[in-house]
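# Structural features, examined
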Amino acid sequence: DAKTTQPPSMDCAEGRAANLPCNHSTISGNEYVYWYRQIHSQGPQYIIHGLKNNETNEMASLIITEDRKSSTLILPHATLRDTAVYYCIVQTDSWGKFQFGAGTQVVVTP
Amino acid sequence: DTAVSQTPKYLVTQMGNDKSIKCEQNLGHDTMYWYKQDSKKFLKIMFSYNNKELIINETVPNRFSPKSPDKAHLNLHINSLELGDSAVYFCASSSAHYNEKLFFGSGTQLSVL
């Protein structure tokens, strides 16, 4: 499975959009990009995933570059409850074998 | 209406003891998992079960024995606990084995003294 590179931390002002980058330059053609987040002391929570096209759901948007070597998770209007560690994962393997890295600690400030 | 519930939430025990963590999901999913999050916060898969059958065993010591009595339950039994077993253990489930979305429980904080 391809490895990902994320900044260790970033701050975001409440109400503003949070743009979380992820590099996955060795991604294969059949590997999906997944985003999960983990709020302190809770289990990870699925956010969104995609293969090639941009995706949007009620939580966030996922923008994948045309060459698929990087992606950006966008939280359109960050709230204090969005403070969490955000994990970008690329994988093709099945049976839930996700490889979680260190993620990005996002702190949303008032 | 917790989707994936695991008990206990906290478990403090002595080295050498045997303990179990229980997990239940009410989502009707076929696949369940155990993940371990160590002190450095890295999450790693331990086991994956599909319809009560073991699919993935990520070189976990034999002291760890998962048991799935039915597809809604996946319990984790740990024999002869060691200090290094201290971690947070997460149960998860998914409806499919490919391109799946995992639903995680709230975790069990295991402390071995």
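Residues numbered from 1 in each chain as written. Chains lettered and ligands numbered in written order. Predicted model: local features only at pLDDT ≥ 70, side-chain atom pairs only at ≥ 80, totals over all residues. Heavy atoms only, no water.

### Regarding the overall build of chain B
Counting its secondary structure elements, chain B contains zero helices and eleven strands. N-terminal to C-terminal, the α/β element order of chain B is β-β-β-β-β-β-β-β-β-β-β. Compactness check: chain B gives a C-alpha radius of gyration of 13 Å against a globular reference of 13 Å for 113 residues, within 12% of the reference. Each principal axis of the C-alpha atoms in chain B carries an extent, and together these give about 35 × 30 × 25 Å. Across chain B, the fraction of contacts at a sequence separation of at least 24, relative to all contacts at a separation of at least 6, is 54%. Of the accessible surface of chain B, which amounts to about 5,700 Å², a share of 50% is contributed by carbon and sulfur atoms. (Helix = DSSP H or I, 4+ residues; strand = E, 2+ residues; numbered from the N terminus. Rg over C-alpha atoms; globule rule 2.2 N^0.38 Å. Contact = heavy atoms within 4.5 Å. Areas by Shrake-Rupley, 256 points an atom, 1.4 Å probe, with all protein chains shown as cover.)

### Focus on the nonpolar core
In terms of nonpolar packing, the biggest core is built from 21 residues, with Leu20(A), Val33(A), Trp35(A), Ile47(A), Leu73(A) and Tyr86(A) touching the most fellow members. Of all the secondary-structure elements, those providing two or more residues to this core are β2 (18-23), β3 (32-38), β4 (45-50), β6 (61-64), β7 (70-75), β8 (84-91) and β9 (104-109) of chain A. At four residues, the largest contribution of residues to this core is made by β8(A). Ile21(B), Trp34(B), Met46(B) and Tyr89(B) belong to the second-largest nonpolar core, a separate cluster that totals 20 residues. (Core = buried A, V, L, I, M, F, W, Y, C linked by side-chain atoms within 4.5 Å. Buried < 20%, exposed > 50% of the residue type's maximum accessible area, 1.4 Å probe, protein only.)

### Some words on the interface of chain B and chain A
Opposite the 24 residues of chain B that make contact, chain A presents 22 residues. When the two sides are added together, the surface that chain B and chain A hide from each other amounts to roughly 1,900 Å², 58% of it contributed by carbon and sulfur. In this assembly, chain B and chain A are joined by three residue pairs in polar contact (both at pLDDT 80 or more). Put simply, the parts of the chain that give the side of chain B that touches chain A at least two residues each are β4 (31-37), β5 (43-50) and β6 (53-57) of chain B. Within the side of chain B that touches chain A, the residues separate by chemical class into eleven nonpolar, eight polar and five charged. (Buried area = accessible area lost by both parts, 1.4 Å probe. Polar contact = N/O pair within 3.5 Å; in protein donor to acceptor, adjacent residues only side chain to side chain. Nonpolar A, V, L, I, M, F, W, Y, C, P; charged D, E, K, R; others polar.)

### Here's the deal with the sheet that holds strand β1 (residues 9-13) of chain A
All names here are of chain A. Pairing within the open sheet is mixed, and its five strands lie in the order β1-β9-β8-β3-β4. Edge positions in the sheet fall to β1 and β4, since each has one partner strand and no second. With strand direction ignored, the average angle separating the axes of adjacent strands in the sheet is 25°. Of the pairings in the sheet, the one linking β3 to β4 comprises five bridges and is antiparallel in character. Bridge pairing links Tyr34 to His49 in β4. (Pairing = 2+ DSSP bridges. Axes fitted to C-alpha atoms, helices over the stretch in contact; angles between N-to-C directions.)

### Quick look at the sheet that holds β7(A)
Residues and elements named next belong to chain A. Overall, antiparallel pairing links the four strands, which are arranged β2-β7-β6-β5 in an open sheet. Two strands close off the open sheet at either side, each with one partner strand: β2 and β5 (55-56). Note: β5 against β6, two bridges, orientation antiparallel. When the sheet's bridge partners are listed, Thr56 is paired in β6 with Ser61.

### A short note on the pairing of strand β3 (residues 19-25) of chain B
Residues and elements named next belong to chain B. Bridging between strand β1 (residues 4-7) and β3 involves four bridges; their strand directions are antiparallel. Among the inter-strand pairings, Gln6 is bridged to a residue of β3, identified as Cys23. Of the strand pairs in this sheet, β3 and strand β8 (residues 73-78) are connected by four bridges, and their pairing is antiparallel. What sits directly across from Ser20, in β8, is His77.

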